[in-house]
There are 2 protein chains.
Amino acid sequence: MTWWAWSRGSVGRLVAKERGVKRPTIADIARRAGVSKGAVSYALNGQPGVSEATRQRIIAIAQEIGFNPNSAARALSGATANAVGLALCRPARILGIEPFFMELISGVEGELSARSYALTLQVVADPDAEIAVYRRWWGERRVDGVFVCDLRVDDRRVPVLEELQLPAVVIGGPGHTGTLASVWADDAAALVETMEYLVALGHRRIARVGGLPGLLHTEIRGKAFVEAGERLGLEQSLTVPSDYTGEEGARATRRLLGAAGRPTAIIYDNDVMAIAGLAVAQEMGLAVPGDLSIVAWDDSALCQLTHPPLTALGRDIPAYGAHAARQLLAAIEGREIGAYQDETAHLTPRGSTAAPSPA
Amino acid sequence: MTWWAWSRGSVGRLVAKERGVKRPTIADIARRAGVSKGAVSYALNGQPGVSEATRQRIIAIAQEIGFNPNSAARALSGATANAVGLALCRPARILGIEPFFMELISGVEGELSARSYALTLQVVADPDAEIAVYRRWWGERRVDGVFVCDLRVDDRRVPVLEELQLPAVVIGGPGHTGTLASVWADDAAALVETMEYLVALGHRRIARVGGLPGLLHTEIRGKAFVEAGERLGLEQSLTVPSDYTGEEGARATRRLLGAAGRPTAIIYDNDVMAIAGLAVAQEMGLAVPGDLSIVAWDDSALCQLTHPPLTALGRDIPAYGAHAARQLLAAIEGREIGAYQDETAHLTPRGSTAAPSPA
DNA sequence: CTGAAAGCGCTTACAG
DNA sequence: CTGAAAGCGCTTACAG
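Residues numbered from 1 in each chain as written. Chains lettered and ligands numbered in written order. Predicted model: local features only at pLDDT ≥ 70, side-chain atom pairs only at ≥ 80, totals over all residues. Heavy atoms only, no water.

Participant: Quick rundown of the sheet that holds strand E11 (residues 339-341) of chain B? Include the residues and the values.
Facilitator: The mixed open sheet is built from twelve strands, whose spatial order is E11(A)-E5(A)-E4(A)-E3(A)-E1(A)-E2(A)-E2(B)-E1(B)-E3(B)-E4(B)-E5(B)-E11(B). Single-partner strands in this sheet number two, and they are strand E11 (339-341) of chain A together with E11 of chain B. For this sheet, the mean inter-axis angle between neighbouring strands, taken without regard to orientation, is 25°. Summarising the sheet, strand E3 (residues 145-148) of chain A and strand E4 (residues 168-171) of chain A pair through three bridges and their orientation is parallel. Within E4 of chain A, the position partnered with Phe147 of chain A by the bridge is Val169 of chain A. Strand contacts of helix H14 (residues 317-332) of chain A: strand E1 (83-88), E3, E4, strand E5 (181-184) and E11 of chain A, with the helix running at about 170° to E5 of chain A, the strand carrying the most contacts. Packing of helix H7 (residues 99-114) of chain B onto the sheet brings it into contact with E1 and strand E2 (118-123) of chain A together with strand E1 (83-88), strand E2 (118-123), strand E3 (145-148) and strand E4 (168-171) of chain B, and relative to E2 of chain B it is tilted by some 155°. (Pairing = 2+ DSSP bridges. Helix = DSSP H or I, 4+ residues; strand = E, 2+ residues; numbered from the N terminus. Axes fitted to C-alpha atoms, helices over the stretch in contact; angles between N-to-C directions. Contact = heavy atoms within 4.5 Å.)

Participant: Provide a residue-level description of the packing of aromatic side chains, including the pertinent values.
Facilitator: Counted under the stated rule, the structure contains four aromatic pairs over all chains. Aromatic pair Phe100 of chain B and Phe101 of chain B: ring centres 5.3 Å apart, planes at 80°, arrangement edge-to-face. With relative accessibility at 2%, the residue Phe101 of chain B sits in the buried group. Above the face of the Trp297 of chain A ring, Arg221 of chain A is positioned so that its terminal group lies 3.6 Å from the ring centre. Its end group placed over the ring of Tyr320 of chain B, Arg315 of chain B keeps NZ or CZ at 4.0 Å from the ring centre. (Phe/Tyr/Trp six-rings, centres within 6.5 Å; stacked < 30°, edge-to-face > 60°. Buried < 20%, exposed > 50% of the residue type's maximum accessible area, 1.4 Å probe, protein only. Lys NZ or Arg CZ within 6 Å of the ring centre and 35° of its normal.)

Participant: Please set out the pairing of strand E7 (residues 236-240) of chain A residue by residue, giving values where relevant.
Facilitator: Residues and elements named next belong to chain A. Alignment of strand E6 (residues 205-209) against E7, held across five bridges, turns out to be parallel. Looking at the pairing, Ile206 lines up with Ser237 of E7. At this point the chain moves from E6, through helix H11 (residues 216-231), to the parallel E7, and the crossover so formed is right-handed. (Right-handed = clockwise from strand over helix to strand, strands pointing away.)

Participant: Residue-level account of the domain arrangement of chain A, with values.
Facilitator: Segmentation of chain A into domains returns domain 1 (10-69) and domain 2 (81-359). Centre-to-centre separation of domain 1 of chain A and domain 2 of chain A, based on C-alpha positions: 46 Å. (Domains from an automatic or database assignment.)

Participant: An account of the environment of Leu232 of chain A is requested, with residue identities and associated values reported.
Facilitator: Residues and elements named next belong to chain A. Its place among the elements puts Leu232 in the loop between H11 and E7. On the accessibility criterion, Leu232 (23% relative accessible area) is partly exposed. Between the alpha carbons of Leu232 and Glu196 there is a distance of 7.8 Å; along the sequence they are 36 residues apart. Those residues in contact with Leu232, other than ones at most four positions away along the chain, are Met195, Glu196 and Val199.

Participant: Give a detailed account of the nonpolar core, specifying residues and quantitative values.
Facilitator: Within the largest apolar cluster, 61 residues are counted, with the highest numbers of intra-cluster contacts made by Ile266, Ile294 and Leu310 of chain A together with Ile266, Ile294 and Leu310 of chain B. If near-sequence neighbours (up to four positions away) are discounted, Ile266 of chain B is found in contact with Ala207, Val209, Thr253, Leu256, Leu257, Leu292, Ser293, Ile294 and Val295 of chain B. Within the second largest apolar cluster, 55 residues are counted, among which are Val84 and Ala325 of chain A together with Phe147 and Leu328 of chain B. (Core = buried A, V, L, I, M, F, W, Y, C linked by side-chain atoms within 4.5 Å.)

Participant: Lay out the sheet that holds strand E12 (residues 346-348) of chain A in plain terms, naming residues and giving numbers.
Facilitator: Residue and element names in this part refer to chain A. A sheet is described by the order of its strands in space; here six strands give the open sequence E7-E6-E8-E9-E10-E12, paired in mixed fashion. Each edge of the sheet is formed by a strand with only one pairing partner; in this case those strands are E7 and E12. In this sheet, neighbouring strand axes are inclined to one another by 20° on average, regardless of whether the strands run parallel or antiparallel. Along the sheet, H11 contacts E6, E7, strand E8 (265-268) and strand E9 (293-297); its crossing angle with E6, the most-contacted strand, is approximately 175°. With respect to the sheet, helix H13 (residues 271-283) is in contact with E6, E8 and E9, its orientation differing from that of E9 by roughly 160°.

Participant: Any chance you could break down the confidence of the model for chain A for me, citing the residues and the numbers?
Facilitator: Predicted coordinates in areas of low pLDDT are best not read in detail. Residues at a pLDDT of 70 or more form 93% of chain A, whose mean pLDDT is 90. For residues 1-19 of chain A, every residue scores under 50 in pLDDT, and the model assigns this stretch 45 contacts once sequence neighbours within four places are set aside. (pLDDT = per-residue confidence, 0-100.)

Participant: Tell me about helix H5 (residues 71-78) of chain B, and please be specific about residues and values.
Facilitator: Residue and element names in this part refer to chain B. Of the positions making up H5, those classed as buried are Ser71, Ala72, Arg74, Ala75 and Gly78. End-on view of H5: buried residues confined to an arc of 165°, all on one side of the axis. Taking the backbone nitrogen of Ala72 as reference, a side-chain oxygen 2.7 Å away marks Asn70 as the first, capping residue of H5. (Arc of directions from axis to C-beta. Polar contact = N/O pair within 3.5 Å; in protein donor to acceptor, adjacent residues only side chain to side chain.)

Here it is, written out as structure tokens:
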């Protein structure tokens with residue numbers, strides 16, 4: 001066993017060679033067209049150097065025999081892998097339940113597949129493993145660029161990617177992205193809008209169940225919550241940290257509702273925690289929205305499955321992913337790109353919010 | 001513009017070349033170790049042909065300079081891409097909300113990353129696009145094998161993969177997998193167990209909200225439901241087809257509950273529809289489980305977020321993915337593999353099922 | 001046990 | 001406008 005895990009390569013290789021069906025190459029096309037391999041390459045890539053008649057003949061043959069360029073050979077001569085990478089550092093149970101990532105991936109895919117770029121996915125256990133994956137991908141030339149999710153304050157991944165000069169787009173911000181490109185949305189503004197909405201309904205004691213501490217957007221929301229709470233003169237504006245899971249969301253809710261002077265409204269940092277909070281409130285005999293108003297961040301279809309349906313802060317996540325992909329492809333092409341501000345999440349009032357009942 | 005979309009390649013390539021940081025190659029290692037490139041290759045791959053002392057020296061140098069083998073070069077000489085593919089053919093909104101796929105991917109990843117295999121993901125619009133992706137991947141030698149999800153009756157993808165001799169593992173069955181390897185679970189048995197449980201509670205009118213028609217497991221469950229219904233002598237056993245979305249699940253539920261002689265229990269083909277069904281029942285003023293018992297297939301964390309929590313049919317989906325990955329890696333190595341039967345889903349009774357209240 | 005060389009399938013200067 | 005050739009970074013027979 002060697003120190004990296006490719007010792008079995010030879011087995012698969014031999015077998016693949018024996019078993020493989022013959023794939024057409026540019027040599028096959030060249031032979032049939034009576035030209036050189038170089039000419040075939042120029043023709044198929046839309047480069048000058050072949051007459052239009054020859055080009056058409058070559059393209060026709062390529063289509064006829066179902067030619068696809070060997071991606072390894074292209075990568076080896078050209079230095080682009082035609083693939084980008086996404087490393088996700090969250091436990092499986094959270095990945096599964098949060099619609100965010102799959103929606104993001106759907107949007108990313110739309111842009112990538114239009115350009116025949118592949119998406120290479122890797123689930124990692126912790127930030128160190130994620131950094132190791134970036135170094136390996138870079139060394140292997142396996143990807144031309146990467147998406148960076150779950151940006152943290154002073155994120156250690158940023159300087160590594162800068163050092164490697166691996167094109168990258170940070171999904172998150174603003175700030176703490178170093179010289180990397182990014183797409184971000186103004187969470188602070190969305191949170192303030194939500195709080196003003198609740199205050200207008202008559203709420204004076206508003207709580208927040210936050211996401212994972214240390215994530216930049218958690219910190220940004222936390223800061224905005226405190227500041228807006230003071231500005232709006234709330235009696236109470238308490239944040240309880242959580243971790244996006246239903247269990248923790250339920251626990252945080254119990255803590256908030258069990259205390260004296262309980263809040264009349266809670267804002268949750270994701271939809272899963274909000275749904276868990278709703279169940280807790282109902283369990284405790286509190287009416288939603290009569291006794292407690294609930295707002296969920298991330299307006300996925302889940303929010304409309306509950307009774308009552310949840311008022312939520314939503315935006316188009318597939319579009320967010322598409323923007324990130326477009327940024328990354330531009331970075332790979334070497335174009336100058338910076339921070340792209342995506343739409344701010346907007347509030348969709350549903351049945352889970354109302355004026356607080358007089359105490 | 002050419003007929004496939006790689007016309008811009010040259011731009012990225014040039015830029016990458018100018019910008020790229022120098023990556024170490026086996027030539028660098030050979031120079032520093034004073035041996036040939038061939039010797040370096042043998043040493044790093046654990047092949048015979050170098051003395052143990054030389055091997056250790058080479059490995060030490062490789063580690064020191066942070067060497068990673070260029071995956072394109074390996075693929076080009078060895079014919080294995082060290083990557084496998086997963087094409088998903090479902091609309092984004094369903095992909096996002098169903099925990100199944102992300103959990104499956106998590107499990108697959110665990111096996112793959114231990115062997116430094118990459119997972120290439122592609123979201124496709126329809127079965128034709130999916131088949132085109134397989135043909136392209138094969139032609140590009142981009143992947144060494146693929147996972148096939150959402151198996152259909154007489155699935156058109158099966159003969160294509162057989163023709164290409166592309167190693168594949170079907171996630172689903174039994175049957176309709178042609179000569180391809182597969183992992184499957186006995187859904188019929190799980191459904192029968194559930195029905196017997198409901199009958200034991202006293203239910204005589206049981207309905208089912210089914211998944212997408214045409215999917216093999218939908219058909220298998222449908223057949224088992226009818227047969228068991230007859231065997232158990234139910235007064236009523238009606239299946240309403242649906243599509244896994246909350247909206248359709250809600251509509252199907254309204255239809256079932258609005259009719260005369262409404263069922264006292266409903267089994268849903270996924271958790272999302274079950275949650276939607278619960279909300280509909282509550283909206284209509286029916287008590288769950290008093291007036292209506294609800295069972296969800298796919299016991300994700302979502303099922304414990306509702307009030308009451310849902311009785312569900314669950315199994316370890318990450319493990320299912322891990323088994324599929326192990327099968328696929330074996331197929332790539334050329335080992336003979338067939339159908340692997342995974343654990344049968346088991347029922348976890350929670351608050352959403354009880355004896356029906358006397359009418 | 002080790003070295004020199006061919007080859008994987010492309011792309012791209014460089015000659016004609 | 002076209003052809004012949006070098007090169008990308010590996011792996012692997014084939015000689016010594």
